Amino acid sequence: MALEICWLDDLTKAQETARKVNKPILLDFYNPQ
Amino acid sequence: MGAVTYPDERVAKFLSLNFVPVQLQSSNHAMMQKFAVSWTPTLIVLDADGREHYRAVGFFTPEDMIATFMAAKGRWALDTDQLTDARALFEEVISGYPDKEAAAEALFFLGVAKYKLSHDPKPLRETYEELNAKFPNSTWTKQADHYRLIGK
């Protein structure tokens, strides 16, 4: 099972999803280097 | 996190089932500023309204990741008044990861959830006693210290 990530532009969408599925959002700030 | 923890099957399954995961690069200065993030990795648990319920900085092993963020989800459930769910999550951390620091946090908030569900302060004192026995050096034990006076 792979981890599915909603990317940056989807933060608003992630909030909508979170409301719909009653789950919290895990926001991960990371350095890709 | 991307090299070891996220590829771990248990972590991927846990996060996919329990969270809506979002990644933001540190080059996104607007979002770094908005959430007052100054170092990576920073992991923040938000609710659907964008309110923050938990924050952690630094790297996690797969087991620590699951234990810590199961407790963090419990904090979200507690804050959003889903008390029965919060109690179940804290109990799962305590039974599944008894030696992790997250278990001390879960124990602290299990007492809170039980108190909110019952309006009986006794679980708070029991929380302190259990914390003191199992995690004498934890900051959660110190933060629960005043509960020992309940009912005395």
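This text follows the structure it describes.
Residues numbered from 1 in each chain as written. Chains lettered and ligands numbered in written order. Predicted model: local features only at pLDDT ≥ 70, side-chain atom pairs only at ≥ 80, totals over all residues.

## Quick look at the environment of Leu17 of chain B
- Within the secondary structure, Leu17 of chain B sits in helix α1 (residues 9-18).
- Accessibility expressed as a C-beta count within 10 Å gives 9 for Leu17 of chain B, which makes it exposed. (Helix = DSSP H or I, 4+ residues; strand = E, 2+ residues; numbered from the N terminus. Buried ≥ 20, exposed ≤ 12 C-beta atoms within 10 Å, placed from the backbone.)

## Some words on unusual backbone geometry
- Here the bond from Thr40 of chain B into Pro41 of chain B is cis, since omega is -5 degrees, no more than 30 degrees from zero.
- Residue position: Pro41 of chain B is located in the loop between α2 (29-34) and β2 (42-46).
- Positive phi outside glycine occurs at Asn22 of chain A, with the angle close to 50 degrees.
- Structurally, the position occupied by Asn22 of chain A is in the loop between α1 (11-21) and β1 (25-30).

## A word on the sheet that holds β1 of chain A
- Strand order in the open sheet made by the four strands is β1(B)-β1(A)-β2(B)-β3(B), with mixed pairing throughout. At either end of the open sheet lies a strand with only one pairing partner, and these are β1 (20-25) and β3 (52-57) of chain B. The mean angle between the axes of side-by-side strands here comes to 20 degrees, regardless of whether they run parallel or antiparallel.
- Contacting β1 of chain A together with β2 and β3 of chain B, helix α3 (residues 62-79) of chain B runs over the sheet at an angle of about 160 degrees to β3 of chain B. (Pairing = 2+ DSSP bridges. Axes fitted to C-alpha atoms, helices over the stretch in contact; angles between N-to-C directions. Contact = placed C-beta atoms within 7 Å.)

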